[in-house]
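Summary of structural features
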Amino acid sequence: MNFTSQMSVGGGGYPKDSFSTALTKNIVAILVWLALSFINGSMVHTFLKHNFFYEDPRYIMFIYMVINDALQLTLVTALYVVSYIFFKIHASVCCLLVMTAVLTTRSTPLILAGMAVERYLSICFPLHYGHTCTVSRTIALIVVILFLTVAVPLTDLLVTLIKEPLGFFRTSIFCDHSFIFRDRSIYYKNAVFDSIYFSFVTLTLLYTYCKIMLTAHAASTDLVSIKRARNTVLLHGVQLLLCMLAFVVPSLQAALIALFPQFVLEIRYIFFLLVYIIPRFLSPMIYGFRDEKFRKYWARNLTCRRNNISRLWPAMKVNLKFRRTYRSNEIGMITGRSKRHIKRHFLAFQWTYQLPLDS
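Residues numbered from 1 in each chain as written. Predicted model: local features only at pLDDT ≥ 70, side-chain atom pairs only at ≥ 80, totals over all residues. Heavy atoms only, no water.

Bringing the state of the cysteines into the picture now. Overall, the coordinates contain one disulfide when judged by the stated rule. Disulfide partner of Cys94: Cys175, at an S-S distance of 2.3 Å. Its S-S torsion of approximately 100 degrees makes the covalent link between Cys94 and Cys175 right-handed. Here Cys94 is found in helix α4 (residues 91-124), whereas its partner Cys175 is found in the loop between β2 (172-174) and α7 (177-180), with 81 residues between them in sequence. The same class applies to Cys94 as to Cys175, namely buried. (Disulfide = S-S within 2.5 Å. Helix = DSSP H or I, 4+ residues; strand = E, 2+ residues; numbered from the N terminus. Buried < 20%, exposed > 50% of the residue type's maximum accessible area, 1.4 Å probe, protein only.)

The next thing to look at is a nonpolar patch on the surface. A cluster of nonpolar side chains, Phe19, Leu23, Ile27, Ile30, Leu31 and Leu34, forms an exposed patch at the surface whose accessible area comes to about 530 Å². With respect to the helices, strands and loops of the structure, Leu31 is situated in helix α2 (residues 19-49). (Patch = residues over 30% accessible without salt bridge, like charges linked within 9 Å, V, L, I, M, F, W, Y side chains within 5 Å. Areas by Shrake-Rupley, 256 points an atom, 1.4 Å probe, with all protein chains shown as cover. Salt bridge = Lys/Arg side-chain N within 4 Å of Asp/Glu carboxyl O.)

What follows covers the packing of α4 against helix α6 (residues 135-163). Two numbers describe how α4 lies on α6: the axes approach to 9 Å, and their chain directions differ by 145 degrees. When you trace α4 past α6, the crossing you get is right-handed. For the pair formed by α4 and α6, the contact residues are Cys95, Met99, Val102, Leu103, Arg106, Ser107, Leu110, Ile111 and Gly114 on the first element and Leu141, Ile145, Leu146, Leu148, Thr149, Val150, Val152, Pro153, Leu154 and Leu157 on the second. In the contact of α4 with α6, the residues fall into 15 nonpolar, three polar and one charged. (Axes fitted to C-alpha atoms, helices over the stretch in contact; angles between N-to-C directions. Left-handed = near helix turned anticlockwise from the far one by under 90°. Contact = heavy atoms within 4.5 Å. Nonpolar A, V, L, I, M, F, W, Y, C, P; charged D, E, K, R; others polar.)

Any aromatic ring pair is given by two values, namely how distant the centres are and how the planes are angled relative to each other. Taken as a whole, this structure holds 17 aromatic pairs when the rule is applied. Plain terms: the ring middles of Phe47 and Phe53 are 6.3 Å apart, the flat faces sit at 15 degrees to each other, and that makes the pair stacked. Each member of the pair, Phe47 as well as Phe53, is classed as buried. Summarising the aromatic geometry, the rings of Phe53 and Phe294 are spaced 5.3 Å apart at their centres and angled 50 degrees between planes, so their arrangement reads as tilted. One end of the pair, Phe53, is in the loop between α2 and α3 (57-85); the other, Phe294, is in helix α12 (residues 292-330), and 241 residues separate them in sequence. Judged by its relative accessible area of 0%, Phe294 falls in the buried class. Among the aromatic residues, ring-to-ring pairing joins Phe47, Phe52, Phe53, Tyr54, Tyr59, Phe62, Phe294 and Tyr297 into one connected group. When the ring centre of Tyr59 is taken as reference, the NZ or CZ atom of Arg58 above it lies at 5.9 Å. (Phe/Tyr/Trp six-rings, centres within 6.5 Å; stacked < 30°, edge-to-face > 60°. Lys NZ or Arg CZ within 6 Å of the ring centre and 35° of its normal.)

Throughout the structure, instances matching the rule amount to five salt bridges. Salt-bridge contacts for Lys189 lead to Asp156; the nearest nitrogen and oxygen are separated by 2.8 Å. In this pair, Lys189 is assigned in helix α8 (residues 184-218) and Asp156 in helix α6, connecting sequence segments 33 residues apart. A residue is classified by how much of its surface remains accessible, and Lys189, at 27% relative accessible area, is partly exposed. With its nearest N and O atoms 2.7 Å apart, the salt bridge here joins Arg182 to Glu164. You can see Arg182 sitting in the loop between α7 and α8 and its partner Glu164 sitting in the loop between α6 and β2, a full 18 residues away along the chain. Judged by its relative accessible area of 45%, Arg182 is partly exposed.

Now for empty space enclosed by the protein. Tallied over the full model, the rule gives three cavities of 30 Å³ or more. Gln72, Thr105, Thr108, Leu242, Cys243, Ala246, Val275, Pro279 and Arg280 are the residues that line the largest cavity. For the lining of the largest cavity, the leading source of residues is helix α9 (residues 223-259), giving three residues. For the lining of the largest cavity, the class distribution of residues is five nonpolar, three polar and one charged. (1 Å grid on protein atoms, 1.4 Å probe; cavity = no way out; pocket = protein on both sides within 12 Å on 5 of 7 lines; lining within 4 Å. Points joined across faces, edges and corners; volume = space filled by probe spheres on them.)

Following this line, the structure appears as structure tokens:
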């Protein structure tokens with residue numbers, strides 16, 4: 001369905017975006033997705049390129065969070081753009097997308113808790129850190145996080161399969177969690193789970209932050225490292241608050257829409273940016289920019305790519321110039337002398353940049 005009719009068809013009488021407004025919103029969302037995908041992709045490439053990152057639990061957890069955030073951002077952006085273009089999609093496809101989005105959204109707080117515990121152990125128990133935080137235990141923690149986060153969407157699916165007819169998954173619906181998982185028992189189950197879930201993560205962050213603060217007051221050396229760990233845990237707390245917005249935003253958004261119904265589209269777009277887009281900037285900032293070791297190799301990787309592009313571009317231009325001139329020679333447009341001169345010029349560049357000579 002086109003942009004101009006999507007709100008009038010299923011939006012309950014809400015005002016609709018004009019074509020230019022809808023196009024602008026989607027272009028902004030896609031550009032932000034592209035920028036963050038480039039940052040996340042370059043970080044993953046840097047991690048995979050250097051073997052010593054594989055042996056550090058800190059960077060393993062970090063890259064897991066980067067991949068999780070990148071997948072979540074991709075799914076959320078895809079759902080946002082699809083809602084403007086098609087409005088309704090097949091229920092089975094929507095179910096898969098929503099379940100994956102829920103999995104990645106619920107994984108983030110648990111990853112933050114794991115990373116905070118890692119910082120706590122490295123600062124408060126430095127002598128035991130080496131045999132406490134190992135690669136195998138880090139992988140086991142990631143498996144536990146996946147198991148806990150998969151349990152929620154799977155139970156949602158099981159309840160829906162029991163309560164809904166099978167023909168429901170062959171219909172077309174607006175892709176939203178409340179439309180695909182409609183039974184009220186799912187709402188109450190998730191409310192209880194979220195209360196326990198976020199209470200555990202919040203207490204973990206508070207405990208690790210307080211213990212690091214006490215260690216900082218008692219320590220007389222390595223204050224820089226302790227201060228950096230304290231700030232990292234504090235930023236994890238900010239991330240957790242932003243993650244919690246994803247669970248309270250439906251009620252808050254409904255209240256604001258009731259107060260300002262004329263701004264319903266703007267309210268939804270602002271919440272989309274605040275809840276799902278902006279928090280994705282924090283993960284690269286906390287480790288990619290603040291961590292000196294990772295930043296050094298990450299910057300080196302980006303510099304090498306830029307240098308390779310700038311080095312190959314002149315050779316590509318010469319290659320194209322030679323091919324155009326060579327084709328012109330086939331129809332008698334150049335003399336034998338100019339042909340030998342151009343070919344000798346191209347062969348010199350080919351030797352310098354190791355370009356293949358195409359026929």
